[in-house]
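Coordinate inspection notes
Spelled out, the chains give:
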Amino acid sequence: MSLRDHIDGFTGDHKLGEDLNVDREKAIAIAVFLVPGLTLFMIFSVGPIVYSAIGSFYAWDTFTMQDFVGLDNWIRSLTDPLIIHWSNIREFQYPMGALTHNLLWVVVHVPASTFFGLALALLFADLKGRRILRSMVFAGFTVPPIVIGLVLMFIYDPQAGIFNELLRVLDQGQWVRNWTQSPQVAIYALIAGGIWVHTGFSMLLYSSALSAIDPSLIESAKVDGAGPWRRFWDIIWPLVKPVTAVVVIMGIIWVMRMFDIVYAAGGAAGGPNHAYSVLGIEVYRAAFRPEIDYGMAMVVALIQLFIVAPLALYIARMN
Amino acid sequence: MVEDNAPDSRTDRDAGTEAKSDGGRYLSVEEIPETAPTADLTWQERIANVVPSKRRGLKYVVAITIALLWIVPFIGLFMASIRPLSEIIGGWWHIEGMTITFENYYQAWNHSTAPMSVALRNTFIVTIPAVLVVMLLGVMAAYPFARFEFPLKTTLFFLILLIMAAPPELVAMGNYNALQRFGLFDTYMGLILIHIGWGLGWVVLFLRNYLLGIPKELEEAARIDGASRYQIFRTIILPLSTPALVSVAVIQFTWVWNAFFFPLVFMRSPELYLAPQALPLMRGRVQVEWGIIAAGSIMTMAVPVILFLLLERYYKRGMVAAVAD
């Protein structure tokens, strides 16, 4: 049998049993396929995460690990007004702390982009040229987020920005301002931009779910006299509901990773007086801008992970 | 809308809501043909006559308006890139007396602090190897995940999932110290390796799901014919996973090209700056240099956007499969 000949030739080990030979050949093959990729994955992804998890319990002299300090970094970070600013939260004054800002993104951005995504997917679903319409909405998602941030600054510029021009045309001139630099409203201006970019992604996921619906179902409902509202709630919604979980979770992951747009608009400080800083910005500043505080950077990055990890595992369980 | 005048074309695969399984004989009821229905569709004519066409026209108007409004910011960016600063400040939406100039592109290309000519070249140097290596190592690692049992498989799977959700900031500190130690900090190689390590997680998961859909019988037949596992991989698995690999290539290219945080942390010499990193530096001192920023932005975004438009189907299918499967 040629297979056995081949294996024998490959391993050159005739003393072992044939089964063992096959097993060994298989084990070597698995190793050859896995090792190069997994090595890089372990060194550059898993390793640094473990390093951060351990390092968050140690004191740091800039980039060098010092003594074990227990929960010191954790307590210091969680009581830092840059992360949660309790007194400003009570007065609803920005800055309210990066964690609060991130959660505000989740609360405002995620429902809005999910809703608009579904609405646009339904609107485009049966139109001619829907491919082009969808690509127009989706294109923003392929653009570098740093460009999105710069575009938002341009839109909200008091002179050159089209948003302020719109306000002037609508006779609301008293509202004209540099939106990305006004501490109390800037975060909403940026969230609006986030929704603008991210809706295309939600729409894409919904569109593919809608295209899986058997059109004859909708046709027969129509023949039976069901209006658009009934058709949506009785046929379409039950079928796209599972996708909604994915859309919402991907939205939360996207928002919790927010960095580029905020950096473009507000620099490493996250806006004037950190008015719309997010957790990613705080990690960057703690780790790579003086005064360097590696311990705090690790804690804040781990908080980001803790918020999204259960959601990712939920998606995995769903399938 | 006449751009897509084949509503039930078999090529529109991601959106084939109708006329797929039934061979294109049935149009959805709302799909009123602009041309007269063909003779064998007479029953549709009756339904089509009942449905009010005005509503459908309105739907088109709303849809096209929304899609156009959606790209207004990019139109503004483009207009700003081809006009002098004085006209941009007056508002790019004023069309009369418009001066078209390529001065902004010239200035961005040869910018004193952040020349786009260098930044774009650096971005290509980092992106192309990061994409090619991830594709190769990814499909290699995905193959055992899809076909064989081996120790720690579940643990590795769990780790990959966890890292897909993790923020890039989480690996920055460890990688910073690691690259410093290996002497790879502030080099192309260092950034490329980090992008590979970071991208492998989702690529392996995505390709594994794809490979699970390839029937095992092909490989079994090849085994009986005496092919080694490596030959099977090269002659069966690789060719069959080409569509998925194209998806991986497009998405990974976009991700690496667009990445801002990793270059910001790991590339510190101005001559090594990547394009997304260079853009915020073009702002200017007194007056924001909108024209130059816009020109630089257009040059930076052109590459992923053109790639997306060319390989749109692969991009979208990959995006959907990556998160939904």
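Model, not experiment: these values are computed from the prediction. Residues take numbers from 1 onward in each chain, read along the sequence in its written order. As a convention, the first chain written is A and the first ligand written is 1, with the rest following in written order. Given that this is a predicted model, residues contribute local features only at a pLDDT of at least 70 and side-chain atom pairs are listed and counted only at 80 or more, while totals for whole chains, interfaces and linings are drawn from all residues. The side-chain quantities take in all heavy atoms of the structure and omit both hydrogens and water.

1. Description of the pairing of strand β1 (residues 58-61) of chain A
Residue and element names in this part refer to chain A. Under the convention used in this document: At least two DSSP bridges between two strands are needed for those strands to be called paired. Secondary structure counts use DSSP, requiring at least four H or I residues in a row for a helix and at least two E residues in a row for a strand, with both numbered from the N terminus.
Both β1 and strand β2 (residues 64-68) contribute to a ladder of 3 bridges, which runs antiparallel. Looking across to β2, one finds that Tyr 58 is bridged to Phe 68. Linkage of β1 to β2, two consecutive antiparallel strands, is achieved through a turn of 2 residues, within which Thr 62 is found at a positive phi near 40 degrees.

2. Looking at the interface of chain B and chain A
Inclusion rule: By definition in these notes, contact holds between two residues if any of their heavy atoms fall within 4.5 Å. Note on terms: buried area is the combined drop in 1.4 Å-probe accessible area of two parts once they are placed together, counting the loss on both. By definition here, a salt bridge exists when the distance from a side-chain nitrogen of Lys or Arg to a carboxyl oxygen of Asp or Glu is within 4 Å. By the criterion applied in these results, polar contacts are pairs of N or O atoms within 3.5 Å in which, for protein atoms, one can donate a hydrogen and the other can accept it, and in which residues neighboring in sequence qualify only through two side-chain atoms.
Taken together, the contacts link 114 residues of chain B with 108 residues of chain A. Carbon and sulfur atoms make up 73% of the area that chain B and chain A hide from each other, which totals about 10,300 Å². The largest share of the area that chain B buries against chain A comes from Trp 70, Met 173 and Tyr 230 of chain B, three residues that together contribute 8% of it. On inspection of chain B and its partner chain A, the count reaches 4 salt bridges. Our count for the contact surface shared by chain B and chain A stands at 20 residue pairs in polar contact (both at pLDDT 80 or more).

3. With respect to the packing of helix α11 (residues 229-240) of chain B against helix α12 (residues 242-258) of chain B
Residues and elements named next belong to chain B. The criterion, for reference: Orientation is described by axes fitted as lines to C-alpha atoms, over the contacting stretch for helices, and by angles from 0 to 180 degrees between their N-to-C directions. The labels follow the angle: roughly parallel below 35 degrees, roughly antiparallel above 145, roughly perpendicular from 65 to 115, and oblique for the rest. For this classification, the nonpolar set comprises Ala, Val, Leu, Ile, Met, Phe, Trp, Tyr, Cys and Pro, the charged set comprises Asp, Glu, Lys and Arg, and every other residue, Gly included, is treated as polar.
Running from N to C, α11 and α12 cross one another at 60 degrees; their axes reach a closest spacing of 5 Å. Classified by the interaxial angle, the pair formed by α11 and α12 is oblique. Listed contacts from α12 to Leu 238, Pro 239 and Leu 240 of α11 are Thr 242, Pro 243 and Leu 245. In terms of residue class, the contact of α11 with α12 is made up of 5 nonpolar, 1 polar and no charged.

4. Thoughts on the pattern of salt bridges
Which entries qualify depends on this criterion: Three exposure classes are used, based on accessible area relative to the maximum for each residue type with a 1.4 Å probe and protein chains only: buried under 20%, partly exposed in between, and exposed over 50%.
All chains considered together, the criterion is met by 12 salt bridges over all chains. Measuring nitrogen to oxygen at the nearest pair gives 3.9 Å for the salt bridge that ties Asp 126 of chain A to Arg 56 of chain B. In this pair, Asp 126 of chain A is assigned in the loop between α5 (98-124) and α6 (130-142) and Arg 56 of chain B in helix α2 (residues 53-70), connecting two distinct chains. Of the two residues, Asp 126 of chain A and Arg 56 of chain B, both sit in the buried class. Between Glu 165 of chain A and Arg 168 of chain A there is a salt bridge, with the nearest N and O atoms lying 3.4 Å from each other. Placement of both Glu 165 of chain A and Arg 168 of chain A in helix α8 (residues 162-169) is noted, with a separation of 3 residues, approximately one turn of the helix. Because the salt bridges share partners, they merge into one network encompassing Asp 126 of chain A together with Arg 56 and Lys 59 of chain B.

5. A word on the side chain of Thr 101 of chain B
Residues and elements named next belong to chain B. On the secondary structure map, Thr 101 appears in the loop between α4 (85-89) and α5 (103-109). A polar atom in the side chain of Thr 101 sits 2.9 Å from the backbone nitrogen of Glu 103. When neighbours within four sequence positions are excluded, Thr 101 is seen to be in contact with Ser 81, Ile 82, Arg 83 and Pro 84.

6. Side note on unusual backbone geometry
Each neighbour pair has its own omega, and for Tyr 94 of chain A with Pro 95 of chain A the value is 0 degrees, a cis peptide bond. Inspection of the secondary structure assignment puts Pro 95 of chain A in the loop between α4 (86-91) and α5. A cis amide bond links Pro 290 of chain A to the next residue, Glu 291 of chain A, at an omega of -10 degrees. Relative to the elements of secondary structure, Glu 291 of chain A occurs in the loop between α13 (279-288) and α14 (294-318). The residue Leu 152 of chain B is not glycine, and still its phi comes out positive at about 70 degrees. Looking at the element boundaries, Leu 152 of chain B is found in the loop between α6 (116-147) and α7 (153-165). Given a relative accessible area of 59%, Leu 152 of chain B falls into the exposed group. For Asp 186 of chain B, which is not glycine, the phi dihedral falls at a positive 65 degrees. For Asp 186 of chain B, a relative accessible area of 18% puts it in the buried group.

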